[in-house]
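Breakdown of the fold
Spelled out from the first residue to the last, the chains are:
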Amino acid sequence: MSKLPPKSTDLAERTRLVYAGRDPSEQHGFVNTPIYRGSTVLYPTTDDLLHRRGRYTYGTKGTPTTEALEKAWTDITGAAGTVLAPSGLAAVTVALMSCLKAGDHLLMTDSVYLPTRQFCEGMLKKFGVETTYYDPSIGAGISDLIRPNTAAVFTEAPGSQSLEMQDIPAIAEVAHRHGAVVLMDNTWATPLLFPPHERGVDIAIEAGTKYLSGGSDLLLGMVSANERCFKDLRAAYEAFAACPGPEDVFLGLRGLRTMALRLREHEKQALEMAQWLEERPEVAQVLHPALPTYKGHEIWKRDFKGSSGLFSVILKPCSDKALAAMLDGLALFGMGYSWGGFESLVIPFNCATYRTATKWAPGGHALRFHIGLEDLEDLKRDLDAGFKRLRETD
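As the structure is a computational prediction, the values presented were derived from the model and not from experiment. (Residues numbered from 1 in each chain as written. Predicted model: local features only at pLDDT ≥ 70, side-chain atom pairs only at ≥ 80, totals over all residues. Heavy atoms only, no water.)

Looking at the pattern of salt bridges
To keep it simple, the criterion reads: The term salt bridge refers to a side-chain nitrogen of Lys or Arg lying within 4 Å of a carboxyl oxygen of Asp or Glu. Elements are defined by DSSP. Helices are runs of H or I of four residues or more, strands are runs of E of two residues or more, and each kind is numbered from the N terminus. Only protein chains enter the accessibility calculation, which uses a 1.4 Å probe. A residue is then buried if its area is under 20% of the maximum for its type, exposed if over 50%, and partly exposed in between.
All chains considered together, the criterion is met by 28 salt bridges. Ionic pairing is found between R16 and D75, a salt bridge with its closest N-O pair at 2.7 Å. Taken together, the positions of R16 in helix α1 (residues 13-19) and D75 in helix α3 (residues 64-77) put the pair 59 residues apart, joining distant regions of the chain. Of the residues examined, R16 reaches a relative accessible area of 19% and is grouped as buried. A salt bridge links R391 to E282, with the shortest nitrogen-to-oxygen separation between them at 2.5 Å.

Looking at unusual backbone geometry
Peptide bonds are trans in most cases, and residues, glycine excluded, mostly fall at negative phi. The omega torsion of the bond from A157 to P158 falls at -10°, within 30 degrees of zero and hence cis. Structurally, P158 is set in the loop between β4 (150-156) and α6 (168-177). Residues other than glycine seldom take positive phi values, yet L163 does so here, at roughly 65°. Relative to the helices and strands, L163 resides in the loop between β4 and α6. Residue L163 is classed as buried on the basis of its relative accessible area of 0%. Positive phi values are uncommon outside glycine, yet S216 reaches one of about 55°.

Remarks on the pairing of strand β3 (residues 130-134)
Here is the rule: Strand pairing is assigned whenever DSSP identifies at least 2 bridges connecting the two strands. Seen with its strands pointing away from the viewer, a crossover is right-handed when the path leading from the first strand over the helix to the second is clockwise.
For β3, the buried fraction is high: 4 of the 5 residues fall into the buried class. The pairing of strand β2 (residues 105-109) with β3 spans 5 bridges and is parallel. Across the sheet, residue H105 finds its bridge partner in β3, namely E130. Crossover connection from β2 via helix α5 (residues 114-126) to parallel β3: handedness right-handed.

Focus on the nonpolar core
In plain terms, the rule: Nonpolar core, defined: a set of buried Ala, Val, Leu, Ile, Met, Phe, Trp, Tyr and Cys residues in which side-chain atoms within 4.5 Å join the residues together. Between two residues, a contact is recorded if the distance between any of their heavy atoms is within 4.5 Å.
Formed by 55 residues in total, the largest nonpolar core has its most connected members in V153, W188, M259 and F304. Breaking this core down by element, the ones donating at least two residues are α3, α6, β5 (181-185), α7 (190-193), α9 (246-256), α10 (259-278) and β9 (310-315). Among residues more than four places away in sequence, those in contact with M259 are L17, W73, L192, Y211 and L212. Counting 32 residues, the second largest nonpolar core, distinct from the first, contains L124, V129, A225 and Y237.

Some points on the pairing of strand β6 (residues 203-207)
Taking burial as the measure, the 5 residues of β6 include 5 buried ones, the bulk of the element. Bridge analysis of β5 against β6 gives 3 bridges, and the strand direction is parallel. Among the inter-strand pairings, M184 is bridged to a residue of β6, identified as A204. Bridge analysis of β6 against strand β7 (residues 221-225) gives 5 bridges, and the strand direction is antiparallel. Bridging across to β7, I205 finds its partner in V223.

What about helix α4 (residues 88-97)?
The buried fraction of α4 amounts to 8 of the 10 residues, a majority that puts the element mostly inside the structure. Those residues of α4 that sit buried are G88, A90, A91, V92, T93, V94, A95 and L96.

Rendered as structure tokens:
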């Protein structure tokens, strides 16, 4: 039976990903924690049952499978604790509900993931929470928007589609000075490329659907919190009982072991593709944090350890018909609303209809790319043929 190395922050990141949340000695020597399916936990005595004595008490409270991923993610993020959710959006909602109440004021970045915005405008508004949207580039200037009842500041860096960068440490310093909780959707970078709690984030949200999974076959969310916020986060999680299925958690654990390797390959591929697209005559601008031409590049270079496979492109003006001709004929780029898997994706997007604190007017059609693990020359040939169709149709 192999033995796990002692817990140590001295272990390299790749090593920690391989060992975090595993203990073969508890699983008869098998490498991976098995899938525990179940609701009911039996107690040996009446006294044990009445006092809920036992490592596990009921299925919604946790199983060895869920505990393995919670412990692993807590280790990776440097948090006090982690809860799991059945999707990235569910993770966002549990996180927000853990630190907000009726009468509170929430500051939300204007570049946030659209379903998060819809939750604020729907459920949070219904329950008496007011949301103010702010320019993602505001930095320490967010102090001007803080009210006596501002309970939380929500960040996302870079933005979900438009890729704006945020100065998270500056925002966190101001928010904490006023007693507000800082939340961050860290799905683009994962804790491997942006350690949220080291940068001042109290509650970090990740869609494990993306890079943790790596296979486009999983819906999962993780929320990690520091000592200040974990008790309330755990209470909100247990109140909602928004627990993911055991098979999904198992797939998340499996994806964890190779996430660092896949993420670095996505980074390498996407950066080369972004540089190639910058040279295309059809492209007006590439929104990729690792490019020197990117507006928030210096903040990215200061705070991030790398970049992922997701970035956006602004095309020079063309017709809707020409854009459709380009996209509809692509053989290797699928069109779908997710990312983080092994396959390359592209979607057109337009933020203009829902932005309120900033104006989205890039001057041409916008495309969001996720660069997968295919051969990069094949991907370039596919896009080259697409650009040819675009030019011929226009």
